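Geometric and topological summary
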Number of protein chains: 4
Amino acid sequence: MKDEAFIRGQVPMTKSEVRAVSISKLGLCDNSIVYDIGAGTGSVAVEMALAMGHGHVYAIEQREEGCRLIGQNQEHFGVRNLTIVPGKAPDVLKDLPAADRVFIGGSGGELPKILDLVREKNPSARIVINAVSLETLSAVTEYLRGKGMEAEIVSIQTARAKKLGDYHLMEGQNPVYIITIEPDRGTREAGQ
Amino acid sequence: MKDEAFIRGQVPMTKSEVRAVSISKLGLCDNSIVYDIGAGTGSVAVEMALAMGHGHVYAIEQREEGCRLIGQNQEHFGVRNLTIVPGKAPDVLKDLPAADRVFIGGSGGELPKILDLVREKNPSARIVINAVSLETLSAVTEYLRGKGMEAEIVSIQTARAKKLGDYHLMEGQNPVYIITIEPDRGTREAGQ
Amino acid sequence: MKDEAFIRGQVPMTKSEVRAVSISKLGLCDNSIVYDIGAGTGSVAVEMALAMGHGHVYAIEQREEGCRLIGQNQEHFGVRNLTIVPGKAPDVLKDLPAADRVFIGGSGGELPKILDLVREKNPSARIVINAVSLETLSAVTEYLRGKGMEAEIVSIQTARAKKLGDYHLMEGQNPVYIITIEPDRGTREAGQ
Amino acid sequence: MKDEAFIRGQVPMTKSEVRAVSISKLGLCDNSIVYDIGAGTGSVAVEMALAMGHGHVYAIEQREEGCRLIGQNQEHFGVRNLTIVPGKAPDVLKDLPAADRVFIGGSGGELPKILDLVREKNPSARIVINAVSLETLSAVTEYLRGKGMEAEIVSIQTARAKKLGDYHLMEGQNPVYIITIEPDRGTREAGQ
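Being a predicted model, the structure only gives us computed values, none of them experimental.

So, the relation of the copies chain B and chain A
For the pair chain B and chain A, the best superposition has an RMSD of 0.0 Å and corresponds to a rotation of 180° with a translation of 0.0 Å parallel to the axis. Here the symmetry operator amounts to a two-fold rotation axis. Comparing contact sets, 100% of the residues at the interface of chain B also lie at the interface in chain A, consistent with an isologous, same-surface contact.

Structure (structure tokens):
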């Protein structure tokens, strides 16, 4: 889905290419229960909700403007299988049903606690994290090392042509690290 | 879908991140008729076929090894809505039903003729091209300029962590240009 | 040299990393005669002039604001071995002494004529081109193909950490193609 | 300088573009005392030595093959102002004269101790670090945070055209983080 399709405010939005890769890494099933933590404008949440017939997306967002935008985008796309959860993770996750897919676009500095809780609620949840800061990237790798876990880590940097007169100038976008944690990977592969 | 999920030979394969972005740009409908031109291992074709309930993918590939691999991947994933079309585009496209979505992963130097034919068969086909060579990129921009057409042009370069002892080294992947042509873009947007 | 060291206006400036790589590719000698075509703010010209004890840099720039900025930067750094040449290449190159090193940061759509003249004046000039648009990149590869010449072509995309609270966000910069033409490469290497 | 100019074994070599940017960030003076820690093939050390008339480079390398290659490259380029220091940093740094410029291409897991010693010997040394692993990047940012220091952090990813028949394919290189520490930056700028 295109970035222009979404209603945006001043809230940062995951760019369409990063959104596509992140959702692809999540490997949504038709009936997945999904958290979108730090949902921002709701672009990832809405695109995930639209992709599932029977699944449900919980969009966690602590900023008021974010919650309002998610609501507007939900309405704009007529999405029913999405619940906006105002508040801060991991606190607000406690009363939600366990997720089997978790996207973390923002963690408010609470990444280890969020990962702990998500994995406690469902040890085999697949988790995809977008890190745009060096500190978040460090927090992820430190967490993995501490738990003796492995994950797929991919960085992606795009550029987009912008017309200037007769010329197409390539405009660089911010690089993003996409980390995918699949706790049951070994098991599933062994079982094939 | 993961790269490791596919059967591969010596044939180059579109990497999972580029595949995810490219398919996202195509905006498949549930019943799209799709060409995958230069289908290679069939990874893009299979992933597109799996994503559509009632659509159909025609995987065009001129190399024998490619056609064999596509067949193996088709069987491996139990995909029914995919037809392998051995031969060279644009020739083999002539007898196929018109496509509304076209992915071009390889054009064998015939990009202008392929684009002409695809657009003649369906002027409103959405077309996504992957260019990994400077010559293909030039051929695309020259074609667009010649026809007075605009397209979205995005470059994407990824790197992937590789474990070496206790260290994660980031290994650079080849950059790819993803060009999206939407002939009816203006119309549709005006009609909203 | 740092970007902040230079006086800048609204004129686009080659970023320090791209400047360092480009000057490195030029392989300046202590007494090189250098053209900087499309000199912009003069950052490349000044850094080259400072690097040479006995060489000379001709900074060609057609915009008045550019020429003014080059002059200010020249004065700021106390550079003597630099001549500002107002006007448009290739015209203004005709009366200049032949260059053995040529940097092309902007060509005003006249790249083939500029390359022809530069090479006519000195067939063994080493030439480094920065291409930020797809059209310039195409023009370079088309020229090389037409002349049966080879060149080194490198793309470079950087990102720079920006402090936001306690976080370092990586901000993407525009990708640049750096093309290096060394007409006498074979000869020199054969002669070693 | 070109990568092909250097004698290489199986030892990893800093690529020419990253070398150019790193040396540029160091801001060598004509008489700088420089450490190259983790000197590898000696490509950075040799290029720095050649750039200075009266300075001196100490190339620290713990692997025997590395030391041998540095020696070969030193001889190949006729470089006199370079001393090979076999052994492991920070231990072998203790008896060396204090450096005012330090390049760290490899730290053998001892980055904090190396930085401590280098800065103890000369609090105003300018330090440039190349990080190719996430762990080294984390170690740098953690060190800086612990000391309340700021640094310039830049990532750079290049791709290089490779001829395949009539096509130029862009081959991705590994991304590198280049971190520049200038302890006296504030002072100098305040003093201008």
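Observations concerning the interface of chain B and chain A
Of the residues lining the interface, 26 residues belong to chain B; the matching set on chain A comes to 26 residues. Surface buried jointly by chain B and chain A totals about 2,100 Å² across both partners, of which 44% is contributed by carbon and sulfur atoms. On the chain B side of the interface with chain A, the three residues burying the most area are B:Lys2, B:Glu17 and B:Ile153, jointly 19% of the side's total. For the interface between chain B and chain A, the tally reads eight salt bridges. Across the salt bridge formed by B:Lys163 and A:Glu150, the nearest N and O atoms sit 2.7 Å from each other. Here chain B and chain A share 13 residue pairs in polar contact (both at pLDDT 80 or more) between them. Where the side of chain B that touches chain A is concerned, the elements lending two or more residues are α1 (16–26), β6 (152–164) and β7 (167–172) of chain B. Across seven bridges, strand β6 (residues 152–164) of chain A lies against β6(B) in antiparallel orientation. Pairing of A:Gln157 across the sheet is with B:Gln157, part of β6(B).

Describing the interface of chain A and chain C
Between chain A and chain C, the contact holds 19 residues from the first and 20 residues from the second. Overall, the association of chain A and chain C removes approximately 1,500 Å² of surface from exposure, summing both partners, and the carbon and sulfur fraction of that is 53%. Together, A:Glu135, A:Tyr167 and A:Met170 form the three largest contributors to the area buried by chain A at its contact with chain C, with a combined 31%. For the pair chain A and chain C, the interface holds zero salt bridges.

Notes on helix α5 (residues 134–147) of chain A
All names here are of chain A. Here α5 is 14 residues long and its end C-alpha atoms lie 20 Å apart, about the 20 Å a rise of 1.5 Å per residue gives. Where α5 is concerned, the buried positions are Leu-134, Glu-135, Thr-136, Leu-137, Ser-138, Val-140, Thr-141, Tyr-143 and Leu-144. Count one or two residues on from α5 and you reach Gly-148, which has phi positive near 65°.

Some remarks on the pattern of salt bridges
For the structure shown, the criterion picks out 56 salt bridges over all chains. In this structure, A:Glu182 engages B:Lys2 in a salt bridge whose closest nitrogen and oxygen atoms are separated by 2.4 Å. Residue A:Glu182 is found in the loop between β8 (176–181) and α6 (185–191), and its partner B:Lys2 is found in the segment before α1; the two belong to separate chains. Relative accessible area serves as the criterion here: at 29%, B:Lys2 is assigned to the partly exposed category. Because the salt bridges share partners, they merge into one network encompassing A:Glu17, A:Arg160, B:Lys25 and B:Glu152.

Digging into the packing of helix α4 (residues 111–121) of chain B against helix α5 (residues 134–147) of chain B
All names here are of chain B. Look at α4 against α5: their axes get within 10 Å of each other, and the N-to-C directions meet at 50°. The angle between α4 and α5 places the two elements in the oblique class. Helix-helix and strand crossings are classified by hand; for α4 and α5 the assignment is right-handed. Of the residues in α5, those in contact with Leu-111, Pro-112, Leu-115, Asp-116 and Arg-119 of α4 are Thr-136, Ala-139, Val-140, Tyr-143 and Lys-147. Of the residues contributing to the contact of α4 with α5, the split by class is six nonpolar, one polar and three charged.

Structural notes on the confidence of the model for chain A
Residue and element names in this part refer to chain A. When pLDDT is averaged along chain A, the result is 93; 95% of the residues meet or exceed 70. Low pLDDT, under 50, characterises residues 186–192; the stretch is placed with two contacts to residues that sit more than four places away or in other chains. Interface confidence for the predicted complex, expressed as ipTM, amounts to 0.93; the pTM equals 0.94.

So, how was this worked out
Residues numbered from 1 in each chain as written. Chains lettered and ligands numbered in written order. Predicted model: local features only at pLDDT ≥ 70, side-chain atom pairs only at ≥ 80, totals over all residues. Heavy atoms only, no water. Least-squares fit on C-alpha atoms with pLDDT ≥ 70 in both. Contact = heavy atoms within 4.5 Å. Buried area = accessible area lost by both parts, 1.4 Å probe. Salt bridge = Lys/Arg side-chain N within 4 Å of Asp/Glu carboxyl O. Polar contact = N/O pair within 3.5 Å; in protein donor to acceptor, adjacent residues only side chain to side chain. Helix = DSSP H or I, 4+ residues; strand = E, 2+ residues; numbered from the N terminus. Pairing = 2+ DSSP bridges. Expected span 1.5 Å × (residues − 1). Buried < 20%, exposed > 50% of the residue type's maximum accessible area, 1.4 Å probe, protein only. Axes fitted to C-alpha atoms, helices over the stretch in contact; angles between N-to-C directions. Parallel < 35°, antiparallel > 145°, perpendicular 65-115°, else oblique. Left-handed = near helix turned anticlockwise from the far one by under 90°. Nonpolar A, V, L, I, M, F, W, Y, C, P; charged D, E, K, R; others polar. pLDDT = per-residue confidence, 0-100.

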